[in-house]
Amino acid sequence: MRIIAKLHEHEQAAFLSHLDMQRSLQRSLRRADMPLAYSQGFNPHPLMAFAGALSTGFESDGEYFDVRLTEDVTPRDFEDRLNAVLSPGLFVSNAMQAPEGLSTLTGQLQAARYTLWLTAEGEITPEQMEAALDRVLSASEVTVQKRTKSGAMVPQNLRPQLLQARLLGRDGAAFTLDVLGELTAGGGLRMDALAGVLLDFLGSKGFFRCRREEMYFADVPGLPSLGKGNDE
Amino acid sequence: MKQETLHQLLNRVEKPARYIGGEYNMVVKEQADLRFALCFPDVYEIGMSHLGSRILYHVLNGMEGVSCERCYAPWSDMEAALREAGEPLFTLETRRPLKDFEIVGFSLLYEMCYTNILTMLELSGIPFFSRDRGEDMPLIVAGGPCAVNPEPIADFMDAIVIGDGEEAEVELVEAYRASRAAGETKTQLLERLAKIPGVYVPSFYAAEYDEQGFVCIHPTNPNAPEKVVRRILKDLDGAPFVGKQLVPHMQIVHDRVALEVMRGCTRGCRFCQAGYIYRPVRERSKETLLEQAEELVACTGYDEVSLLSLSTGDYSALHDLLPEIMDRMEKKRVSVALPSLRVDSLLKEELEKMQSIRKAGLTFAPEAGTQRMRDVINKNVTEQDLLRACEDAFLSGWAGVKLYFMIGLPGETDEDVLGIAELVKKVSRLYFSLPKEQRAKGLRITASASTFVPKPHTAFQWCAQNEPEEIRRKQRLLSDAMRGIRGAEFHYHPSFLSVLEAAFSRGDRRLSGVLVEAHNRGCRFDSWSEHFKPDAWQEAFAACGLTVEEYAHRQRALGEALPWGHIDVVVTERYLQKEYEKAMAGITTPDCRQGCNGCFGRAYADYCQTARA
């Protein structure tokens, strides 16, 4: 059987790289004594995959993964057993049996929702923040520099990948923004770049914190999709 | 440390997972009456791989009211971030600064990590020298294999545990508690510690020097023994192991379950410090190991178990253990690794079974290229042993073998150096002489030659290390001879690091000044090529009126007073002298399981069970 579940990464667990996270979850599944199915070949590995990679330093309440098992385990049992052996800051929820015919989660991935906490140096008013955000949203092109695999910097337009954004308010020194961005197998909205652009438009410097709240899929029954309100 | 401060630090470093803690099986005690910071003066990936620290973490946290927390040397990016933010170095468990701990203990695994000890103290606002630390400062202690010559760091430490730490550390903690309960001064505390067998309190000893160098060292406090005798854990099988092994998030160097099958080695290689300072051989029973393997795999989720020791092929129950552990582990999809195999162990069947689970490289260490040289160092393996082991490997599906050698050994001639290339050539020819359809495809022989470093408490403790020019000449000679050998590549290392290693492994107390000078000149992580600053080290020696050459390249006379002479590792100096003389005459000493060679002398003969068995 195949199970899909959602992994939450809080606090310090945010600072794990995607590779760390994969290794950590595999070991947790083994500790939970799940009947894991393995790949064939010289170095067999558990058949498990995340829908997407999360940037190091981001928290998440929406990392989906799927795993193949050789025996049936109820979704409830899967959650309980895994939660009993996960490292601090990690837990799973929303486990369900994967629908028939699903190839990969990554292939169905379309978008993700984020909360962005942006702290800018100096006295920035909510109006200034709104204005900076409007400027991004009303532009047709917002060019940022992207580092390629070879290390070279190339310009990239991030505007098409920004689907929605609104200012929610303030949380201490930070402005809180709700952002919906494209996210597919080929890439997606880079939140660090968006934060950089906003700070630029504010004429300020600062830092940000980010949490992925949810992922949206094209056609996977039971998983959130854009515009269908499954989000709630 | 506040969450937000931590996050800002973490955002600035390349590998934040080094500093976040939260590993599965981490022990956090919010309430504790005694906090012990277990510090490792190297980066997280290396420190987390150290088995001794895992054992101590378990033993100390097993004590009621004691919280043992970990701290590793911060990489240069984190050091800079901490300095800029004005934040102290902190432990992973409760993020407390080291200054808030009752005891801060350093593991001494490698001399070239000593500058990191100073970095860690400095980032904690703790003075380097024990004499500069008042009653309000933590007790600074150390232990580990390098402690058998503690002198280069003696002035920094309040106490140093010599030998096995499982029991001594517990006694040290208990003595600390008793002393505090009695409202004693630091001196009174140190006097208590000096009475614990195996605990060395450097401030109770005075060293004397003249123009020639070291003269002698003697106790100055009535509670300090003439000689500090190494602690030896008698019953390894009954001793505590690692409990629930920590499971790191990031990849570490030895990222697997490590089972210590035995401690000590009976082979008697004359260059090998571990071979002398971990005597006698003590084994864990097959039953204990099987039980520990099951428990550790279950509580970690690791998919690999490694059978660790100085020479696992010599474990007496290996042929019983291997089939059973492999069988049990295979069911759980766990592979079994044997990291320290000698070429003369007969393991063909086991190799074939291991191949079925996972393919890994095989490593052999002939150490020297000619039989004459191998007799000098008492590496009792022959060319036939090596060729047979390689043949077994090639026919069992391995095409990659690593061969470790040393150059600069005592009495080495150019013929011995060139013998390394000859041996590699024979391995290569052997491979191509095997039928194509039976041998593994794609021969890869990786031969590496490290520079010999004479170590204290070995038969070669008196020997001069080759000077760097001589080492470079030998490296070139060998490199030329290696050219054109099919399937082979050759690696060697810059030699000045080995010179420093030789100086610090046999150094005296004057080197503590050199360490401070080097630290102040930015020396950190000296064994990492990107951080190594040879010029700064030369300046540091000069600033103290010393030369690295005097420490590394001078031949010492037998009977000369040695800076580590007050540390008794139980193998007698007379025995080492005899071994040295036999080496120079090219006479080998058999494995002591074939008959006792008398290395412990009369006083401690009953510590060893090996000869009687």
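The structure reproduced in this document is the subject of the present report. (Residues numbered from 1 in each chain as written. Chains lettered and ligands numbered in written order. Predicted model: local features only at pLDDT ≥ 70, side-chain atom pairs only at ≥ 80, totals over all residues. Heavy atoms only, no water.)

Residue and element names in this part refer to chain B. For helix α7 (residues 165-181), which comprises 17 residues, the first-to-last C-alpha distance of 24 Å matches the rise-based estimate of 24 Å (1.5 Å per residue) to within 8%. Three or more residues of α7 are buried, namely G165, E166, A168, E169, L172, V173, A175, Y176 and S179. G183 occupies a position one or two residues after α7 and carries a positive phi of about 65 degrees. (Helix = DSSP H or I, 4+ residues; strand = E, 2+ residues; numbered from the N terminus. Expected span 1.5 Å × (residues − 1). Buried < 20%, exposed > 50% of the residue type's maximum accessible area, 1.4 Å probe, protein only.)

Going through the model one piece at a time under the given rule, you end up with 67 salt bridges over all chains. Between R209 of chain A and E59 of chain A there is a salt bridge; the shortest N-O distance is 3.5 Å. With R209 of chain A in strand β11 (residues 206-217) and E59 of chain A in strand β3 (residues 59-68), the pair connects residues that are 150 residues apart, well separated along the chain. A salt bridge links R113 of chain A to D178 of chain A; the shortest N-O distance between them is 2.8 Å. Of this pair, R113 of chain A sits in strand β5 (residues 109-120) while D178 of chain A sits in strand β9 (residues 174-184), and the two are 65 residues apart along the sequence. Judged by its relative accessible area of 17%, R113 of chain A is buried. One network of salt bridges, in which partners are shared, links D164, E166, E260, R263, R282 and R284 of chain B. (Salt bridge = Lys/Arg side-chain N within 4 Å of Asp/Glu carboxyl O.)

Moving on, we come to the layout of surface pockets. Residue and element names in this part refer to chain A. Of the voids in this model, the second largest pocket is the one considered here, and its volume is about 660 Å³. In terms of lining residues, the second largest pocket is bounded by 27 residues, among which S55, G188, L189, R190 and D192 are the most central. For the lining of the second largest pocket, the elements supplying multiple residues, two or more each, are β5, β6 (143-147), β7 (153-157), β9, β10 (187-188) and α5 (191-202). Looking at which element gives the most residues to the lining of the second largest pocket, the answer is β6, with 3 residues. Per-class residue counts for the lining of the second largest pocket are 11 nonpolar, 11 polar and 5 charged. Residue assignment places the lining of the second largest pocket across two domains, with domain 1 (2-98) and domain 2 (109-217) each supplying three or more. (1 Å grid on protein atoms, 1.4 Å probe; cavity = no way out; pocket = protein on both sides within 12 Å on 5 of 7 lines; lining within 4 Å. Points joined across faces, edges and corners; volume = space filled by probe spheres on them. Nonpolar A, V, L, I, M, F, W, Y, C, P; charged D, E, K, R; others polar. Domains from an automatic or database assignment.)

With that settled, the discussion passes to the interface of chain A and chain B. Listed by partner, the interface residues are 22 residues for chain A and 32 residues for chain B. Of the roughly 2200 Å² buried between chain A and chain B on both sides combined, carbon and sulfur atoms contribute 53%. Broken down residue by residue, the surface that chain A buries against chain B is led by Q12, F15 and R27 of chain A, which jointly contribute 31%. Taking the shortest distance from any N to any O, the salt bridge between D255 of chain B and R27 of chain A comes out at 3.1 Å. Counting across the interface, chain A meets chain B through 9 residue pairs in polar contact (both at pLDDT 80 or more). (Contact = heavy atoms within 4.5 Å. Buried area = accessible area lost by both parts, 1.4 Å probe. Polar contact = N/O pair within 3.5 Å; in protein donor to acceptor, adjacent residues only side chain to side chain.)

Moving on: the pairing of strand β3 (residues 103-107) of chain B. All names here are of chain B. Along β3, 5 of the 5 residues are buried, which leaves the element largely enclosed by surrounding structure. Pairing analysis gives 4 bridges linking strand β1 (residues 34-40) to β3, with the strands arranged parallel. By the bridge assignment, F36 is partnered in β3 with I103. Two elements, β3 and strand β4 (residues 139-143), share 5 bridges in a ladder whose sense is parallel. Residue pairing across strands places V104 opposite I140, the latter belonging to β4. Regarding topology, helix α5 (residues 114-122) serves as the crossover connection from β3 to the parallel β4, and that connection is right-handed. (Pairing = 2+ DSSP bridges. Right-handed = clockwise from strand over helix to strand, strands pointing away.)

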